[in-house]
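# Structural characterization, general
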Amino acid sequence: MPDPSLANAPSIEEHLEIFRKMVVVRRLEEALREMHRQGKTRGPIHCCDGQEAVGVAATAMLRPTDLLTSTHRGHANYVGKGLSTRAIVAEIFGRATGCCGGRAGHMLVADIDHGLIGGNAIVGAGIPAATGMAAAIQLKKLDDVAMCIFGDGAAQTGICHEAMNIAALWALPVVFVLEHNAYGLTVAAEKQSSIETLSVRAAGYGMPGVTIDGNDAVVVYRTIADAVARARRGEGPSLVECRTYRMTGFSTSDMGGYQSADEMAAWADKDPIRRTWDVLAAEVGAARLDALTAEAEAEVRDAFETALSDPFPVFEPHPASNPHSVALS
Amino acid sequence: MPDPSLANAPSIEEHLEIFRKMVVVRRLEEALREMHRQGKTRGPIHCCDGQEAVGVAATAMLRPTDLLTSTHRGHANYVGKGLSTRAIVAEIFGRATGCCGGRAGHMLVADIDHGLIGGNAIVGAGIPAATGMAAAIQLKKLDDVAMCIFGDGAAQTGICHEAMNIAALWALPVVFVLEHNAYGLTVAAEKQSSIETLSVRAAGYGMPGVTIDGNDAVVVYRTIADAVARARRGEGPSLVECRTYRMTGFSTSDMGGYQSADEMAAWADKDPIRRTWDVLAAEVGAARLDALTAEAEAEVRDAFETALSDPFPVFEPHPASNPHSVALS
Amino acid sequence: MTSLRYAEALNRALREEMTRDPMVWLFGEDIATYGGVFKVTKDLLGEFGPGRVRDTPISEQTLTAMAVTAAMAGTRPVLEIMYADFLPLSIDALVNQAGVFDYIWGGQVSIPMVLRTQGGGGAGAGAQHSKSLDAFVAHIPGLKVVAPATPADAYGLLKAAIRDPNPVIVLEHKLLYNLRGEVPEDGGLIEIGRARTAREGRDVSIFATSRMVHLSLEAAEKLAAEGIEAEVIDLRSLRPLDVGAIVASVAKTHHAVVVNEGWRFCGYGAELSATIMEQAFDDLDAPVERVGAMDVAIPYSEPLEKTVLPDVEAIMAAVRRARR
Amino acid sequence: MTSLRYAEALNRALREEMTRDPMVWLFGEDIATYGGVFKVTKDLLGEFGPGRVRDTPISEQTLTAMAVTAAMAGTRPVLEIMYADFLPLSIDALVNQAGVFDYIWGGQVSIPMVLRTQGGGGAGAGAQHSKSLDAFVAHIPGLKVVAPATPADAYGLLKAAIRDPNPVIVLEHKLLYNLRGEVPEDGGLIEIGRARTAREGRDVSIFATSRMVHLSLEAAEKLAAEGIEAEVIDLRSLRPLDVGAIVASVAKTHHAVVVNEGWRFCGYGAELSATIMEQAFDDLDAPVERVGAMDVAIPYSEPLEKTVLPDVEAIMAAVRRARR
Ligand SMILES: Cc1ncc(C[n+]2csc(CCOP(=O)(O)OP(=O)(O)O)c2C)c(N)n1
Ligand SMILES: Cc1ncc(C[n+]2csc(CCOP(=O)(O)OP(=O)(O)O)c2C)c(N)n1
Ligand SMILES: [Mg+2]
Ligand SMILES: [Mg+2]
């Protein structure tokens, strides 16, 4: 796997943008949890607090035409891939102005203009999905890539195996980003995975595999940039396992009781936003970061304000569905 | 993986029985192909000529209570696990006297008294099937084992991954026997598998994995015996990849044209029956082997003679199915 | 009799059957340490230990296939599939394995497995977590399929399912877990294949499943104000179907409405409608009316989801059409 | 017009569409080097090269999911699933992906994929290689499902399927591949959603799919000898269904029989039966008769298989019952 050479490091501007987006995600999720406490959300909402470095840094070097598949826990991917915060929030609140007109909701957000197709709530489904997109890219002879970000739980699904085998066999331009946050819902990794370091499995497909600190945005960026470059060159897929942790449980319906306090405290110390702040503050000074933070907060605040007063959609029959049956129901 | 120490070698009597059973399988399949040429078979029939050492030697040390799952290409497993040749042949010809009363046919043969449940024509299905049986064995605190024999094609299915992960995680008493015959139907291994040596994947589940010469009955016996012993001790699953080759195409409907003549000739030289003969002749003399061969041939001849004059079954409604619907159709 | 929530009734059924028979064991995602995302398996890990209550990887296809063969090999596995939306991952193991071998192997094996899952919409869970895929499982020979609508039925049908020698699919509903109701102290098994008259009426028969039973009862109350007395039959068992109860009710009312939350086209309601027409044609004064979800993926936003899913108004409208 | 076998007609449709549109590509097990186990993709590897005609590993679930997104990403994949019995492995990708995103993402993507497969019994292929699982795919909103019964329809419907912006499932039949028939030289597209009158008749309407069309025609010939003139409608498109053609025929004959090779209970025949009853109740003089496979796994042995599967006699008996 890539020697994380300086060649792949993000520029200062890219790094600052990663920082700003991570703050957007954090504030967005804090606001969602607050809305949930007030009983103003609908359905489960899965937060990625503590994992922002993966979703944001892994997508930072992608083009809008590069295609990304995400999961039920996709806020960092949505923001990382450049979607408007307002369109995300409006979608989560089921408004007509949401990026899918309110039809998709929190888990299935998609935006074709930004190459996000899309969130997916069938665990593992994003893996063959990205592989299929990579097959299309290959057929079209483009140098775009497809990326899937998926969890340690998803890595145990059969489609993960099937898709990685096909991707390697056909040398497809896909990057497999395994976001290992130590749990699948409430089930600890050691209860659902027979081995600790999942990147070992890459050898079973003859592709590069590596495990990295997923809470270090720069390490994530550099490693993924290398995998992306490899895919663009037509050399096939790679697996990058990013170690991270969910700081606030699996979703707003988490009733707790399965994570140890020690474990949570240990990971709180590794907060990727704080770590990025420390690195960047030394380079550009705290004032610049404060300004970016304020900007991010304003963006989130505005998004909620507008989205929450946006109209709800009205149902329209869908022509692709069976017309007779719709007409009669 | 096991050091193939002499401790695991078959006794002379066991070795002779392996030889005899391999000849039964070979003659059985020759007769089936002849019947096919005469238009007397129904449905596709998959032969394992050239692979007999795997199916017969890998099951030679099993108890009747050990559970085996097989594939669409299971003749050697059926015979290896001790089924009566007549019951097999009658089943293949759809007779009431078949081991499943003619309902199962060639691909789904089962015999609970011999622990064969059973053949399976959904590629890969035997892998989670054996894993589930191993879970039952574990729950019942028995020291039986479950074994699945499956192909290189089956190794690419999602359920192979899921089942191996669970088997290793729960330390289930299951032995995964990968019968690598270089093809999945007509698709060459290099067109369907991203790596050449599939036992490498065992590391992805933290279990032992090894690749052996599947045409050497003694090597098969010793390696599998070790994996079986390990499973009986409660130490969990193993993967044994046996390299072999189908000498006569994927089934009676094979129209050919995808295997090279050189490849076929090279493997013909490695015929496991001939090799076993050579080893045993040195030990017990040719006369003993000739006698066993004659015995095997007689058994197959008798089986065809009786089975082909056995009666066909008559349909009886099945109480477990929906009674109303059956009554009305 | 005790008053229990539907989820508690299921929990008690599991506890009692596990106590009664050491070969009953549970597995599924998040069911052990956490006690299940709907808490149906709460406390059972502590009571029965990690050998009999197992958290699993996310591997529905294999888990279902394992349930089939663990049952064949002499245990009584109860598998939880977290959402009915994931049943498609189980269908190969159901239609190509579970439903096949008892018959095909000439009775050499029986397959006493239970697959519990929960479906249904109305919770804003989106297109991949809100479906009722009853039709997929009800189509498979060799399986039984039940869909309890009350705590007592949840308790009695789950117990019967665990003791049944055949594969049984138990379809629960996410919006019923908090429903309270009286449950018998012990025993209380309910024969699989028997419908229940939830409300008597003479003017029209409403045949409903799962949560739709409650909506149908609500519709019936409102219709009574219009002078229409609807009989509401809770089918409880989707396969086998209690054709006798259906025919008897239609013979009385001469009008029928079927209500199932799944999609209409080729859905479970189609079978009900066809069966009624076949079995009670001469008794019918009007076509059977079919209520179900609109044939489209279930959208997230509340007003859209409400439009797509069947509701009390849709049932009332169907009854009025059936009575035309 | 040329006379082609059904398999050859499909092959020609693939060749023409691949020639017309470089974004059409094929993948599936054994389809490239070998040309498909039923030879439908014969010679196409040589003509279009390994980029557009790909052999695959045995990974139906992933292959189907890949077809969905390869279509979303701007290509027109045609996936072959070797047996309809393996459709269960595809259903998650169909019901949770293919049928969902066009609507749920507000029209941002279209999914012009085709999934070809073949089903049906009568070849002694056993319980896992003989099924007609039409009902599983016909239930899924957002998909179209066609089942050609003749070479001309195989050609015209497959071409239409490839050009359709929606996911289309093409259900072929293993016993039809050798059937010969006239196929138009080029063009000859058939609109998806239109039934075909295979035989006119005034006494009873038989609505049939796939191979059952031929059995129904045979039954109709024999019934003519008894003085019963049956109209045989080949539905061709299972979803959407040509309700207009059905209603028109029943309005003429007042008696209906539906024939689908799948299991009866909750099968595709149930939908047909329910739809006819709903749409043509007042025209019906008798209940719609439903012919299908018995609700049991399909056994291997010839006399058993024959008993379980619908045949000409079963259709004739149903017609007589319908005319009672
Ligand atoms: C096929 C399927 N099975 C189960 C679920 C329920 N479920 C939702 S999230 C989740 C855990 C996923 O774990 P992981 O892949 O590690 O992602 P994470 O939630 O940790 O980000 C589960 C089991 C699902 N959505 N889909
Ligand atoms: C799920 C599934 N997909 C496809 C097939 C069709 N099929 C039957 S045998 C076979 C090849 C299997 O290859 P392998 O596992 O290597 O076994 P072998 O035939 O070589 O013994 C295929 C693709 C099937 N039976 N089941
Ligand atoms: Mg996780
Ligand atoms: Mg093989």
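Quantities reported herein were computed from a predicted structural model and do not represent experimental measurements.

Cut-off values and rules
Residues numbered from 1 in each chain as written. Chains lettered and ligands numbered in written order. Predicted model: local features only at pLDDT ≥ 70, side-chain atom pairs only at ≥ 80, totals over all residues. Heavy atoms only, no water. Helix = DSSP H or I, 4+ residues; strand = E, 2+ residues; numbered from the N terminus. Rg over C-alpha atoms; globule rule 2.2 N^0.38 Å. Buried < 20%, exposed > 50% of the residue type's maximum accessible area, 1.4 Å probe, protein only. Contact = heavy atoms within 4.5 Å. Areas by Shrake-Rupley, 256 points an atom, 1.4 Å probe, with all protein chains shown as cover. Lys, Arg positive; Asp, Glu negative; His and termini not counted. Charge placed at Lys NZ, Arg CZ, Asp CG, Glu CD. Salt bridge = Lys/Arg side-chain N within 4 Å of Asp/Glu carboxyl O. Near = heavy atom within 4 Å. Polar contact = N/O pair within 3.5 Å; in protein donor to acceptor, adjacent residues only side chain to side chain. Nonpolar A, V, L, I, M, F, W, Y, C, P; charged D, E, K, R; others polar. Disulfide = S-S within 2.5 Å. UniProt positions renumbered as here; feature names shortened; annotations may be inferred. Donors = N, O, S within 2.8 Å, 3.2 Å for Na, K, Ca; no water. Pairing = 2+ DSSP bridges. Axes fitted to C-alpha atoms, helices over the stretch in contact; angles between N-to-C directions. Right-handed = clockwise from strand over helix to strand, strands pointing away. 1 Å grid on protein atoms, 1.4 Å probe; cavity = no way out; pocket = protein on both sides within 12 Å on 5 of 7 lines; lining within 4 Å. Points joined across faces, edges and corners; volume = space filled by probe spheres on them. Buried area = accessible area lost by both parts, 1.4 Å probe. Parallel < 35°, antiparallel > 145°, perpendicular 65-115°, else oblique. Core = buried A, V, L, I, M, F, W, Y, C linked by side-chain atoms within 4.5 Å.

## Examining the overall build of chain C
When its secondary structure is counted, chain C shows 12 helices and 14 strands. In terms of C-alpha radius of gyration, chain C reaches 19 Å, essentially the compact-globule figure of 20 Å for 324 residues. Dimensions of chain C along its principal axes, counting C-alpha atoms only, are 60 × 45 × 40 Å. Relative to its full complement of 324 residues, chain C shows a buried share of 75%. Long-range pairs, those at least 24 residues apart, make up 83% of the contacts in chain C between residues at least 6 apart in sequence. When the accessible surface of chain C is split by element, carbon and sulfur atoms take 51% of a total near 8,000 Å². Once the 32 positive and 43 negative side-chain charges of chain C are each reduced to a mean point, those two points are 2 Å apart.

## Points about the side chain of D:Glu29
Residues and elements named next belong to chain D. Take Glu29: it is sitting in the loop between strand E2 (24-28) and helix H2 (44-48). Despite being buried, Glu29 has no salt bridge partner; Arg116 is the closest side chain of opposite charge, sitting 12 Å away. The residues touching Glu29, leaving out its near neighbours within four places in the chain, are Asp55, Thr56, Pro57, Ile58, Ser59, Glu60, Leu63, Glu80 and Met82.

## Overview of the site of ligand 1
Close contacts around ligand 1 come from 20 residues, with A:His72, A:Arg73, A:Ala121, A:Gly153 and C:Glu60 the closest. Between ligand 1 and A:Ala154, the relevant distance is 2.9 Å, taken from an oxygen atom to a main-chain nitrogen or oxygen of the residue. About the coverage of ligand 1: the protein hides 97% of its 580 Å² of free accessible area. Among the residues forming the shell around ligand 1, the class breakdown is 10 nonpolar, six polar and four charged.

## With respect to the state of the cysteines
All names here are of chain A. Applying the stated rule across the entire model yields zero disulfides over all chains. Between Cys48, a cysteine without a disulfide, and Cys47, which holds the nearest cysteine sulfur, the sulfur-to-sulfur distance is 7.2 Å. For Cys48, a relative accessible area of 1% translates into the label buried. Left unpaired, Cys100 is separated from the closest cysteine sulfur, that of Cys99, by 4.4 Å. Here Cys100 falls in the buried class, since its relative accessible area comes to 2%.

## Some remarks on the UniProt feature "domain: Transketolase-like pyrimidine-binding" (unreviewed entry) in chain C
In the UniProt entry, the feature "domain: Transketolase-like pyrimidine-binding" (unreviewed entry) is given for residues 4-179 of chain C. Helix makes up 38% of residues 4-179 of chain C and strand 18%, and the two end C-alpha atoms of the span are 8 Å apart.

## Here's the deal with the coordination of the magnesium ion (ligand 3)
All names here are of chain A. Within the protein, the magnesium ion (ligand 3) binds to Asp152 (OD), Asn181 (OD1) and Tyr183 (O); these donor distances fall in the range 2.0 to 2.1 Å. Within one chain, the residues donating to the magnesium ion (ligand 3) are spaced in sequence as D-x28-N-x1-Y. Considered together, Asn181 and Tyr183 belong to a single accessibility category, that of buried residues.

## Details of the sheet that holds strand E12 (residues 237-239) of chain D
Backbone hydrogen bonds are what pair the strands of a sheet, in a parallel or an antiparallel way. Residue and element names in this part refer to chain D. In space, the seven strands of this open sheet follow the order E3-E2-E4-E5-E7-E6-E12, with mixed pairing throughout. Looking at strand neighbours, the two that pair on one side only are strand E3 (53-55) and E12, the edges of this open sheet. Sheet twist, expressed as the average angle between the axes of neighbouring strands with direction ignored, equals 20 degrees. Of the strands in this sheet, strand E4 (76-81), strand E5 (114-119) and strand E7 (168-173) are in contact with helix H4 (residues 87-98), which crosses E5 at around 155 degrees.

## Some details on the pairing of strand E2 (residues 146-151) of chain B
Residues and elements named next belong to chain B. Across the six residues that make up E2, a large majority, six, are buried. On E2, burial covers both faces: Ala146, Cys148 and Phe150 on one face and Met147, Ile149 and Gly151 on the other are all buried. Both strand E1 (residues 67-69) and E2 contribute to a ladder of three bridges, which runs parallel. Within E2, the residue paired with Thr69 across the bridge is Cys148. Taken together, the six bridges between E2 and strand E3 (residues 174-180) define a ladder with parallel strand orientation. If you follow Phe150 over to E3, its bridge partner there is Leu178. Taken together, E2, helix H6 (residues 158-169) and E3 constitute a β-α-β crossover, and its handedness is right-handed.

## Some remarks on empty space enclosed by the protein
Within the structure shown, the criterion is met by 17 cavities of 30 Å³ or more. If you add up the space inside the largest cavity, you get close to 130 Å³. What lines the largest cavity is a set of 19 residues, among which A:Asn120, A:Ala125, A:Ala129, D:Ala65 and D:Gln97 lie closest to the centre. For the lining of the largest cavity, the element with the most residues is helix H3 (residues 60-72) of chain D, which contributes five residues. Of the residues assigned to the lining of the largest cavity, the class counts are 12 nonpolar, six polar and one charged.

## Some details on the coordination of the magnesium ion (ligand 4)
Each donor-metal-donor angle would ideally measure 109.5 degrees in four-coordinate tetrahedral geometry, or 90 or 180 degrees in six-coordinate octahedral geometry. Residues and elements named next belong to chain B. The magnesium ion (ligand 4) binds to the protein through Asp152 (OD), Asn181 (OD1) and Tyr183 (O); the donor distances cover 2.0 to 2.1 Å. Each donor residue of the magnesium ion (ligand 4) lies on the same chain, and together they follow the pattern D-x28-N-x1-Y. With Asp152 in the loop between E2 and H6 and Asn181 in the loop between E3 and strand E4 (183-184), the pair connects residues that are 29 residues apart, well separated along the chain. For Asp152, a relative accessible area of 2% gives the class buried.

## Some details on the interface of chain A and chain C
With 45 residues of chain A at the contact, the number on the chain C side is 35 residues. Surface buried jointly by chain A and chain C totals about 3,200 Å² across both partners, of which 62% is contributed by carbon and sulfur atoms. In this assembly, chain A and chain C are joined by two salt bridges. For C:Glu305, the salt bridge goes to A:Arg42, with nearest N and O atoms at 2.6 Å.

## Focus on the side chain of C:Asp153
Residues and elements named next belong to chain C. Inspection of the secondary structure puts Asp153 in helix H7 (residues 151-163). Of note is the side chain of Asp153, whose polar atom sits 3.4 Å from the side chain of Arg196. Ignoring anything within four residues of it in the chain, the contact list for Asp153 reads Pro148, Leu158, Ile190, Arg196, Asp234 and Arg236.

## Description of the site of ligand 2
Among the 20 residues in the neighbourhood of ligand 2, the closest are listed as B:His72, B:Arg73, B:Ala121, B:Gly153 and D:Glu60. Around ligand 2, the nearby residues trace back to chains B and D. The backbone of B:Ala154 places a nitrogen or oxygen atom 2.9 Å from an oxygen atom of ligand 2. Protein chains shield 96% of the accessible area of ligand 2, which is 580 Å² for the free molecule. Looking at the shell around ligand 2 residue by residue, the class counts come to 10 nonpolar, six polar and four charged.

## Focus on the environment of B:Phe150
Residue and element names in this part refer to chain B. For Phe150, the location among the structural elements is in strand E2. Residue Phe150 is classed as buried on the basis of its relative accessible area, which comes to 2%. Spatially, the C-alpha atom of Phe150 lies 18 Å from that of Gly236, the residues being 86 residues apart in sequence.

## A look at the packing of helix H10 (residues 272-284) of chain A against helix H11 (residues 286-309) of chain A
Residue and element names in this part refer to chain A. Close contact between H10 and H11 brings their axes to 7 Å; oriented N to C, the two are set at 125 degrees. Classed by the angle they form, the pair H10 and H11 counts as oblique. Residues Trp277, Leu280, Ala281 and Val284 of H10 form the contact with H11, whose participating residues are Ala286, Arg288, Leu289, Asp290 and Thr293. Of the residues contributing to the contact of H10 with H11, the split by class is six nonpolar, one polar and two charged.

## A look at the nonpolar core
Within the largest apolar cluster, 351 residues are counted, with the highest numbers of intra-cluster contacts made by A:Met147, A:Phe150, A:Phe176, B:Phe150, B:Phe176, C:Trp105 and D:Trp105. Not counting residues within four places of it along the chain, the set of residues in contact with B:Phe150 comprises B:Thr71, B:Ile127, B:Ala155, B:Cys160, B:Met164, B:Phe176, B:Val177, B:Leu178, B:Glu179 and B:Leu239.

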